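Observations on the three-dimensional arrangement
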Amino acid sequence: MAEVSEIIDVESIIGKFNKISIEGSPISYITRIINGEELKFVSVLMAETLLLGRYLRYFNPDIFCHCISVKGYYITNAEAKVLNYINVQCSSMLGNHEFIAGKDCIVRLEDVQEFLTFLNICYNKMESNINDQEIQFEKQFGYIRFESYVIPYFTKEGEKYLPLLFFEKSTDDLLLGAMELKNWDLAYLKFCCHIVGVYDDLYNFDFCTVIRFNNLKNYFPPDTIFEEFWPKNVFFDSSIINYSEHLHEPNFWITEYLGSSIMSQESLTANNVNQVQINHSEPNSLIKHSHSKQ
């Protein structure tokens, strides 16, 4: 999660709001009480202006449609007054924009922090165009290449995990230590799938069962070579990088308040067989090295 500094309380004539510093950029947030719990929210427009704008312009907007899910909330009249007051106090950083209830949106502060981290890491990964063995990122993800295949992974608690859906058959031993990857962790795995053009397997799921890479290696011959892999020349791919001069509409990265839905992943039944096979049943269920971007 993005670095956060000490909270500073600020009193206004119309109520109380707070400021927080995220990676050196101060931003104001307001609080809503939902089901008795105080939750922190940030204006979408303020987040875009102060924190996210550079990265939102850098990536193709399909990245946000396919990889993340951020819920937006329309503001109330009272929240509109507070946000307008904040804008005035901050020398009209948003120009003459007037916040209007039912039109402007807010998002959870923690989602803004996680989204900024996601964008920053993915941006640096794209710009470096080298694998994790050469540079260490806060979130470790990429691809494992073996035989003729390239399969994405995400590192959780120091261990690499690969999606179970890429394998036809599994054993109890392989499923030992399996876990469900979801929320922002899953976003990095979806990002890897987007880069190599696997558009269907993960995009519509809100969780993914993943297995330990170290367990998987036991089901292949000892001389099998497993390599860290990152595609070359992805910087020139317009499906990833935004080369259009057209400006994105505000709020375009907010997904759920527009009525989109997230499908539940179908349960995966393990076959109790002592071997593991690559899943060839669906055309997009496997990333073949010969078709990946070099």
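For the structure itself, consult the block above.
So, a few notes on the structure that sits alongside this text.

Examining the packing of aromatic side chains
- Applying the stated criterion across every chain yields a total of 24 aromatic pairs.
- Ring plane angle 40° and centroid distance 5.6 Å describe the contact between Tyr143 and Trp230, whose orientation is recorded as tilted. Of the two residues, Tyr143 is situated in strand 7 (residues 141-146) and Trp230 in the loop between strand 13 (227-229) and strand 14 (277-278); the sequence distance between them amounts to 87 residues. Residue Tyr143 shares its accessibility class with Trp230, and that shared class is buried.
- A cation over a ring is seen here: Arg32 above Phe41, with NZ or CZ 5.6 Å from the ring centre.
- For the cation-ring pair, Lys160 lies above Tyr153, with the distance from its terminal atom to the ring centre recorded as 5.2 Å.

Here we look at the packing of helix 4 (residues 109-128) against helix 6 (residues 183-195)
- Direction vectors running N to C along helix 4 and helix 6 enclose 35°, while the axes themselves pass 11 Å from each other. Two packed elements cross with a definite hand, and for helix 4 against helix 6 that hand is right-handed. Every residue of helix 6 that contacts helix 4 at Asp111, Glu114, Phe115, Thr117, Phe118, Ile121, Cys122 and Met126 is listed here: Trp184, Ala187, Tyr188, Phe191 and Ile195.
- A per-class count over the contact of helix 4 with helix 6 returns ten nonpolar, one polar and two charged.

Side note on the sheet that holds strand 12 (residues 207-212)
- Taken together, six strands build an open sheet; the order of strands is 11-12-9-8-7-13 and the sheet is antiparallel. In this open sheet, the two strands that pair with only one neighbour each are strand 11 (179-182) and strand 13. Across the sheet, the mean angle separating the axes of adjacent strands is 50° when strand polarity is ignored.
- Relative to strand 13, strand 7 runs antiparallel, the two being bridged by three bridges. Residue pairing in the sheet places Ile144 in a bridge with Glu228 of strand 13.
- Against the sheet, helix 6 touches strand 7, strand 8 (149-156), strand 9 (159-163), strand 11 and strand 12, its axis set at about 160° to strand 8.

Conventions we followed
- Residues numbered from 1 in each chain as written.
- Predicted model: local features only at pLDDT ≥ 70, side-chain atom pairs only at ≥ 80, totals over all residues.
- Heavy atoms only, no water.
- Phe/Tyr/Trp six-rings, centres within 6.5 Å; stacked < 30°, edge-to-face > 60°.
- Helix = DSSP H or I, 4+ residues; strand = E, 2+ residues; numbered from the N terminus.
- Buried < 20%, exposed > 50% of the residue type's maximum accessible area, 1.4 Å probe, protein only.
- Lys NZ or Arg CZ within 6 Å of the ring centre and 35° of its normal.
- Axes fitted to C-alpha atoms, helices over the stretch in contact; angles between N-to-C directions.
- Left-handed = near helix turned anticlockwise from the far one by under 90°.
- Contact = heavy atoms within 4.5 Å.
- Nonpolar A, V, L, I, M, F, W, Y, C, P; charged D, E, K, R; others polar.
- Pairing = 2+ DSSP bridges.

Any link to function would need more than the numbers given here.
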